[in-house]
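# Observations on chain architecture
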Amino acid sequence: MKERIGIYICHCGGNISDYVDVEEIGKMLKEEDGVVISKDVMFACADSNQKQMVQDIVDNKLDAIVVASCSPKLHLHTFKNVAERAGLNPTNYVQVNIREQCSWPHSDQPREASVKAMGLIRAGMNRVSHSESLDNIEITVKKSVLVVGAGIAGMKAAIDLARLGNEVYLIEKDYFVGGHIAQSDNLFMSGQKGKEIVSNLYKEVKSFKNITVFTGVEVEKVTGSVGNFAIDIKIKPRFIKQKADFELVKKAMEECNTFVEDEFNLGFAKRKAIYKNYPEALPDLPVVIVDAIKEEKALLEKYATCFDLNQKDELLSLTAGAILIATGYDSYQPAEGEYGYKTVPNVITLPEFNRMIELNPNGLIHNGNKVKKVAFIYCVGNRQTKGDNKYCSRQCCSAAINTSIQIKEKYEDITAFHLFRDVRTYGKQEILYEKSSKQGDIYIRFDEKEPPKVELQGKKALVKVKDYLTAKKELELEADLVVLVTGMVSRSDSKHISEKFKIPIGTDKFFNEIHPKLKPVETVIRGVLIGGSCQGPKNISESVQSSLSAAAKINALLKSGTISLDPIIARVDNSLCTWCGKCAEVCEYDAVSEVEFDGKQVAQVNKAVCTGCGICAPICPYNAIEIAQFTDIEIESMIDGFMQKIEFNVKAAEEEKVEEKEVLTMKEFPQIWKNIFKLIEENKKTIPQLAEELNVSTDIITYHVMTMNKYSMVLADGMDTKEEYYYYTKKN
Amino acid sequence: MSQNDKIYDAVVIGGGIAGQEAALNLADMNYQVLLIEKGLSIGGKMIQLSKVFPTLDCAACITTPKMSETARHPNITLMLNSEIDGINKNEKDFQINFTKNPRYVIPEACTGCQMCEVVCPEIRLDEYNANLAGRKVAYIPFTLANPRIARIERLDESAPCINECPGGVKPYGYISLARNGQYEEAMKLHLEDIPLPGSLGRACFAPCQNACTRSSLEAPVDIRRIKRFFSDYYYEKYPEAPAVNIENKTGKKVAIIGSGPAGLTAAYHLALKGHSVKMYEAAEELGGMLWLTIPKYRLPKDVVRRDIQNILSLGVEFEVNTKITDIKKLKEEGNYDSVFVAIGAGESSKLKIEGAELTQVLDCMEFLSNEIPDEQKSLKGKKVVVIGGGNVSMDVSRTAIRLGADEVTIVCLEKRDEMLALDFEVNEALEENVKLHNASVSTKVFTKNDKPYLEFISVSSFKFVDGKPEIKTVSGSEKQIQADVIIPAIGLRPASSVFQNELELKRNGTIVADEKTLQTSMPYIFSGGDSHKGASSIIEAAGEGRKAAFYIDKYLNGENLMEFEDGDKLPASDKTKVLSKKDYTFQLPVEQKLRPVGERIQDFNDIESTFTEEEVLKSSERCLDCSNCRECHQCLNICPAFAIDFSQRKEIFDVKAKSVVVTTGFKLFPPSGKPEYGYNKYPNVIDSMQMDRLIAPTRPYNNVLRPGDGKTPDNIAYVLCTGSRDSAIENHNCAGECENNPICSQICCMYSIKQAQLLMGALPMADITIYYLDIRAFGKGYEEFFQQSKSMGVNFIKGKVAKIHENENKPGDLIIRYEDITTGQLKEAKHDLVVLSVGVLPNKEVTQMFTNKKLELDDYNFVKQINELVSPSLTSIDGVFVAGAASGPKDIPDSILSAGCAASEVAGYLSKLEI
């Protein structure tokens, strides 16, 4: 219990004292037990008063202070600093809001406002008398970061993280880095080649001694919390001996004659059993597909020094202060029959089309036929109001149009049809749309309710569509190739990642940030951040921006080697806890775990993880868990304080207050305000009525009445019979 | 002025959401950041918004925590109200010059209590509320401003009337107060500067009126007579000056020789400063010229007496009938610390022609002197000739008429239009039957048949050469007129010869003193008013008195006088700008009502009447509001925290930083660029920012209402792509502010859908139609948000709006003509409120900031991202980074991410610098 409390009640100029009798309250509280100082002050926040408070605390050895003034949003920190400067633990300070919660909303009932203010201050006073001195929680952190995914987002973040001295582990599921952009030969807006970007970035990554790249990796287990995560990973072997002669490996790859499906080229090429995704793929070390190469006994024998088909998965434990998830996306894979996919041979997806263009340098040929007419169908696997993927993938319109421009430039005689719903070339990408329209691309708008139908007609695809731009006229297009503009979907392994790192997944199945604006790259797990398109569809630039944003946050988090957290967290009373596990169940942050204490099982709160949200406290059937600074006794004492009967000098308040004192209200300037006032003083009036009577146009009257409304000088009071216009009266 | 020698790690330009986010990220990484913001608060455009898509969080709730975090962060230095003058790239860092504009409020002292806003009498358009409502000129930028500090919107100017007044009086201020009926406040404002409003209200030559912007239209505002009104009002209310108890006496003593306007004003200000003051007056009453020589019909003596009470009520002592001849003796005997010599110019210049010594030739000062009773001066049956064309000559002539002269003739050198006397004085004299001989020089006085005559000759040209008049006469044009009395009024000079041993005098008798400080060669002696300037006017003399008091006070405090400037005047506002800005109507001044000539020449009573209250209102409403702040000092007087400081001036800073982050944001397309949409023409065509204000929790209106007439709209239309995806924009309407904008603005579809959803909540019965080309709902959760609005009943029409005009049958309602793209037909639709969803334009100010290196722009004038895909923050200048909408349209989440990205890239850059 605090016994030397100081209370300061602010006039806020007249903002509070015009309605609340701060002087009287100050006098009355002086008599309360434990109150050493109780003052009313003109401006509590003024520098002079702050200095006085510091002096008071020191001189009178105050052990707690209450300031009754405005919203804590404005000045909580101001007065916490005052306490600190005076050597008082800032948790022994309570702010009571008697402006926004009292004088302002109850300006029409000053006496009641005073009573309420008294109650609020008593509540604050009672609370502070039970306050504890708490120190911030300090956590030592490791200056190392795990980056999951070595696409452009991951590599960029790794570089910026390493630059500020962090140890970075960059892990990639594939055997090669670069992600999706390596599959694109012509990236929109800049025309850059994805492979070149990947090579340059990888070179930069490798130039940092403090970045370690692991490829062919799977995450096995994640434990620990912010500052000290432990991650077990499994590295899949490449089946190439560690000391193998690289030239020989290359030779073996050249001589290999076994081909398998090529995932990288999406079926437009085959890959060898010793392969790289593409010749320049990095790291510059091929991978052996064990099952496939087993057939090539001669080759294996010839290059026995190179291969070790018995290599096992390598297990490794990493420790990291923070984790960045940048696992990217998958392209939507249409179902068989969706717009003729896999049923009509002329139907392919946009990523497939891009691979096809790159692998067909001499002409646009599909299934041996020259392609002259291409029909793009947009929003495939996206914007499904009834389906799974309700969202828009934001970059596919631009990607499709970019491809359309590219084929027109590259090949002669191409006609492109774009069957779209809305062309979403936002921002500067609009220029692509303009360019494509100018080059003669034909845009046909369809509605989700009546999507195009694709049928096989001879060697061609027949696309039937109702064009909403020509009064839903039914069109039939013969196309050599139908390109399905597929969107982005969350990665097939995102559930696995989500489970391992305990990060939530949104309704769109992408990883969810805490808040798109407040904490756009943070997850509910402190220290685990997300970047790039694993969070939702993004183009390249946007992916980089989000992952570097996350890098900045991680750099800030780890910069000093320690993290200081607010002491407002849950704590367990071990004597009451029986480990029923209910608290752990509801905790969104996974902050509660089971431990043994004094021979029994109890709950333990991970201080680094708990956010003090308080959800666990009311759930506990034994009342064994509470939140610091919001303990039962504090809350109950507040209620007691507020409920305490207030022997406010009622008579005096009724008789003398308010009328006598000139309350400062907005002055009635300019002249037109005076005129308006005069008119509405007797009878409420609408704006057209005022305009007529003052012979001033309605827009000018609106302007003035609304300015007066803004300054709380007038009040809307009912509507006219037609419910078109409000009546206005003078506000007292 | 150099700020300090600290080198910042980064300077962030612009305090919008991107700027704050970049600054916070850098500051969290322990970098020292300087955030420079042009506006009065951080928060950018986001803080103006209602709610934000697609989560419909209130914008304030999202952005205020960031704002306070930014304002509070120990590693961030905030510079608000500041403009970049130049950024120079050095080899290793940047030199940043910027100017911090004065707020006229001391930030540390201001508590944001808004009392200044309560009392400020002026309203201007409230930019925060997108001009839908007004705000005061003294104001808190908006409730959630951070820092929440008031600003007095005093631009870098004073109104011409204030600028012109030699006495530093603030007509612009008291006109405003007078038109609000605050006559007492008006008087008090006057008393801050000059204690003689009664006399000035009648006898000032009102240079303010010559400067009045309205004088270039019909006629100036009647400033003098407004003053006369409120001083009469005040004096009637307070016949005796309320006693003033001056606290903080300094114990210093000042003697003032002379009690004219200069002496009185100096005494007044010195007494207010706590000094003991005593005035010495040679005449039998205080007042100098006010008392002695200004005719009563122009300035009644009870008014003078009451004015003087303003000074005496401060405890100023005086001694009349005391002529001081030895200043040193005065100082020593009276133990004075300083002496102010303000003896005026009370000696008339002597006529130097033949016959000037004749007894019929009188001294004009003696003639006018109130110490000689009128009866003794009676001129019944006499012919009077007055020589000279100045104001004294008019006073003499008109006094002579009132003293019963048969005929009064003025002979003066100047042509009619060159006369020194004020025009109205000459006219009034002529009305009173004074004859005028212009361009004539008197040559002799002689007697013929016992009657005195004046001979004069016509002047063909006359000019001053080396200060001496050079007159060419027309030979043979001599004329003689009979004159029983001849009164030369050809100039006045100070009676300073008694001080010739103590002070340096000029040939014309004026006392030499420093022009700035009025200090003479004897440091303790100051001289001002007519005795220093030569014969001038009440207000000029009073102005000198005020100035003398200012510097005497500094002298008494032992300070270096040259370091101080008296007054806080700023240059006059540009009248052409005022006239071009203001939609003024022709308003003739209130006609001056003089007593009829026949009546007024019978006595010495006041010839002019005081305005009625109605006339004051009419007269003061003619003011064209040349400047914003009216310097009425209501804020100054009420501020409980003493936070208002009119002496603030621009501060120039010169700082160094290792890197620069450009977060200058964007501008909204000005809808006037699409004149066919009728913005500005029809009040119920508004832009989207205005609608956002209308639906914001902090909205100025009580509900969503039409700004044209306050009607509750029930059929609202949105016109998307206003100023976006458009290469047919008329530039001439908006002074190059809006230009062809072929790109998509990225945010308009979504904010329109957001507004539509919010409107359905605010106006459940309203129909909402969105005219669009393509709906670009591309971000996380956006498409779902779009679909939701459709299911809520928002009507989407794929159509291009061609024209908006008002419904002739139902004024205020609007008709939209559009091409329905799905049918190709031209259609019309009626709506009662139209919202133009305006696009995003580049903020081109950024290009001028960089002085020695060019910051490259892209094809659309946004800051060019030189490696958009891989390093999105890099610009063409090494060390300069870009974030937010400065590089292209962006919504809030994208801006925030780009700011985080920029912070990361800056950190990388800084770490490379260290190596």
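Residues numbered from 1 in each chain as written. Chains lettered and ligands numbered in written order. Predicted model: local features only at pLDDT ≥ 70, side-chain atom pairs only at ≥ 80, totals over all residues. Heavy atoms only, no water.

### What about the overall build of chain A?
For chain A, the helix and strand inventory stands at 22 helices and 36 strands. The C-alpha radius of gyration of chain A comes to 35 Å, more than 25% above the 27 Å expected for a compact globule of 732 residues. For chain A, the residues scored as buried account for 56% of the 732 residues in total. Of the contacts made within chain A by residues no fewer than 6 positions apart, 68% connect residues no fewer than 24 positions apart. Between the mean site of the 94 positive side-chain charges and the mean site of the 104 negative ones, chain A shows a separation of 5 Å. (Helix = DSSP H or I, 4+ residues; strand = E, 2+ residues; numbered from the N terminus. Rg over C-alpha atoms; globule rule 2.2 N^0.38 Å. Buried < 20%, exposed > 50% of the residue type's maximum accessible area, 1.4 Å probe, protein only. Contact = heavy atoms within 4.5 Å. Lys, Arg positive; Asp, Glu negative; His and termini not counted. Charge placed at Lys NZ, Arg CZ, Asp CG, Glu CD.)

### Focus: the state of the cysteines
All names here are of chain B. Under the criterion given, the structure shown has one disulfide over all chains. Across the disulfide from Cys58 sits Cys61; the S-S distance is 2.5 Å. One quick way to see it: the torsion about the S-S bond of Cys58 and Cys61 is about 95°, and its sign makes the bridge right-handed. Exposure remark for Cys58: the relative accessible area of 19% places this residue in the buried category. According to the relative accessible area criterion, Cys61 is partly exposed, its value standing at 41%. (Disulfide = S-S within 2.5 Å.)

### Focus: the interface of chain B and chain A
Chain B puts 105 residues into the contact, and the matching count from chain A is 98 residues. When the buried area of chain B at its contact with chain A is split by residue, B:Lys780, B:Leu869 and B:Leu897 rank highest and sum to 10% of it. Summed over the shared surface of chain B and chain A, the number is 10 salt bridges. If you look at where chain B meets chain A, you find 50 residue pairs in polar contact (both at pLDDT 80 or more). For the side of chain B that touches chain A, the secondary structure elements donating two or more residues are helix H1 (17–28), helix H2 (59–72), helix H3 (115–119), strand S8 (123–125), strand S9 (134–136), helix H26 (782–792) and helix H28 (892–914) of chain B. Residue contributions to the side of chain B that touches chain A peak at 15 residues, all from H28(B). For the side of chain B that touches chain A, a count of residues per class yields 47 nonpolar, 30 polar and 28 charged. (Buried area = accessible area lost by both parts, 1.4 Å probe. Salt bridge = Lys/Arg side-chain N within 4 Å of Asp/Glu carboxyl O. Polar contact = N/O pair within 3.5 Å; in protein donor to acceptor, adjacent residues only side chain to side chain. Nonpolar A, V, L, I, M, F, W, Y, C, P; charged D, E, K, R; others polar.)

### Considerations on the packing of helix H5 (residues 110–129) of chain A against helix H18 (residues 632–643) of chain A
Residue and element names in this part refer to chain A. Relative orientation of the contacting elements H5 and H18 amounts to 150°, with a least axis distance of 7 Å. Between H5 and H18, the angle is such that the two are roughly antiparallel. Handedness of the crossing formed by H5 with H18: right-handed. Touching Lys116, Gly119, Leu120, Arg122, Ala123, Asn126 and Arg127 of H5 are Glu634, Ser637, Met638, Asp640, Gly641 and Phe642, all from H18. A class-by-class count of the residues in the contact of H5 with H18 yields four nonpolar, four polar and five charged. (Axes fitted to C-alpha atoms, helices over the stretch in contact; angles between N-to-C directions. Parallel < 35°, antiparallel > 145°, perpendicular 65-115°, else oblique. Left-handed = near helix turned anticlockwise from the far one by under 90°.)

### Some points on helix H1 (residues 22–30) of chain A
All names here are of chain A. Burial in H1 covers these residues: Val22, Ile25, Gly26, Met28 and Leu29. Angularly, the buried residues of H1 cover 170° about the axis, an arc narrow enough to put them on a single face. Buried positions along H1 lie against strand S1 (5–10), strand S2 (35–41) and H5. (Arc of directions from axis to C-beta.)

### Notes on the sheet that holds strand S9 (residues 217–225) of chain A
All names here are of chain A. As summarised here, the arrangement of the three strands in space is S9-S10-S15, forming an open sheet in which the pairing is antiparallel. Both outer strands of the open sheet, S9 and strand S15 (314–320), are each paired with one neighbouring strand and no more. The sheet shows a mean angle of 20° between the axes of neighbouring strands, taken without regard to direction. (Pairing = 2+ DSSP bridges.)

### Describing the sheet that holds strand S27 (residues 481–486) of chain A
All names here are of chain A. Pairing within the open sheet is parallel, and its five strands lie in the order S18-S27-S21-S22-S23. Edge positions in the sheet fall to strand S18 (347–349) and strand S23 (442–445), since each has one partner strand and no second. Pairwise comparison of adjacent strand axes, ignoring direction, gives a mean angle of 25° for this sheet. In this sheet, S23 lies alongside strand S22 (residues 415–420) in parallel orientation, the contact comprising four bridges.

### Remarks on the confidence of the model for chain A
When pLDDT is averaged along chain A, the result is 93; 98% of the residues meet or exceed 70. In the predicted structure, residues 656–661 of chain A sits below a pLDDT of 50 and forms eight contacts with residues beyond four places in sequence or in another chain. (pLDDT = per-residue confidence, 0-100.)

### Examining the pattern of salt bridges
Pairing is possible between side chains that carry opposite charge, provided their charged atoms lie close to one another. Scanning all chains against the criterion turns up 108 salt bridges over all chains. One salt bridge in this structure joins A:Glu724 and B:Lys711, with 3.9 Å as the shortest N-O distance. With A:Glu724 in the loop between strand S35 (714–719) and strand S36 (726–730) and B:Lys711 in the loop between helix H24 (688–695) and strand S30 (715–722), this residue pair bridges two chains. Note that B:Glu347 and B:Arg493 form a salt bridge whose closest N and O atoms lie 3.9 Å from each other.

### Details of the nonpolar core
Residues and elements named next belong to chain B. Counting residues in hydrophobic clusters, the biggest one holds 85 residues, and the most contacted among them are Met691 and Ile804. Ranked by the residues each element gives to this core, the list is headed by helix H25 (residues 748–762), at nine residues. Those residues in contact with Met691 that sit more than four places away from it in its chain are Ile686, Val704, Ile716, Tyr718, Gln755, Leu759, Leu833 and Val835. Within the second largest apolar cluster, 75 residues are counted, among which are Ile256, Leu286, Cys626 and Cys632. (Core = buried A, V, L, I, M, F, W, Y, C linked by side-chain atoms within 4.5 Å.)

### Observations regarding a nonpolar patch on the surface
A contiguous nonpolar patch, built from A:Phe630, A:Ile635, A:Ile639, A:Phe642 and A:Met643 and spanning about 480 Å² of accessible area, is present on the exposed surface. Here A:Met643 lies in helix H18. (Patch = residues over 30% accessible without salt bridge, like charges linked within 9 Å, V, L, I, M, F, W, Y side chains within 5 Å. Areas by Shrake-Rupley, 256 points an atom, 1.4 Å probe, with all protein chains shown as cover.)

### Some words on the side chain of B:Lys674
Residues and elements named next belong to chain B. Among the structural elements, Lys674 can be located in the loop between strand S28 (666–668) and strand S29 (685–687). You can call Lys674 buried: its relative accessible area is 6%. Contact partners of Lys674, with chain neighbours within four places excluded, come to Phe669, Thr722, Asp726, Ala728 and Ile729.

### Considerations on the packing of helix H2 (residues 47–59) of chain A against helix H3 (residues 72–85) of chain A
Residues and elements named next belong to chain A. Interaxial distance between H2 and H3 falls to 9 Å at its minimum, and their mutual angle equals 40°. Considering their axes alone, H2 and H3 lie oblique with respect to each other. Crossing geometry of H2 relative to H3 is assigned as right-handed. Judged by residue contacts, Gln50, Met53, Val54 and Ile57 of H2 engage Thr78, Phe79, Val82 and Arg85 from H3. Classifying every residue of the contact of H2 with H3 by side-chain character gives five nonpolar, two polar and one charged.

### Some thoughts on the pairing of strand S6 (residues 82–89) of chain B
Residue and element names in this part refer to chain B. Across seven bridges, S6 lies against strand S7 (residues 94–100) in antiparallel orientation. Bridged to Gly86 within S7 is Asn97. Counting the residues in the hairpin turn of S6 and S7 gives four residues.

### Describing helix H9 (residues 223–237) of chain B
All names here are of chain B. The terminal C-alpha atoms of H9 lie 21 Å apart, and with 15 residues this matches the ideal 21 Å at 1.5 Å per residue to within 8%. Counting buried residues in H9 gives 11 out of 15 residues, a clear majority hidden from the surface. Buried residues of H9: Ile223, Arg224, Arg225, Ile226, Lys227, Arg228, Phe229, Phe230, Ser231, Tyr234 and Tyr235, and no others. (Expected span 1.5 Å × (residues − 1).)

### Considering the environment of B:Val685
All names here are of chain B. By the element assignment, Val685 lies in strand S29. Accessibility expressed as a relative area gives 3% for Val685, which makes it buried. Between the alpha carbons of Val685 and Glu806 there is a distance of 9.6 Å; along the sequence they are 121 residues apart. Other than its neighbours up to four places away in sequence, Val685 contacts Tyr677, Gly678, Tyr679, Ile804, Leu814, Val834 and Leu836.

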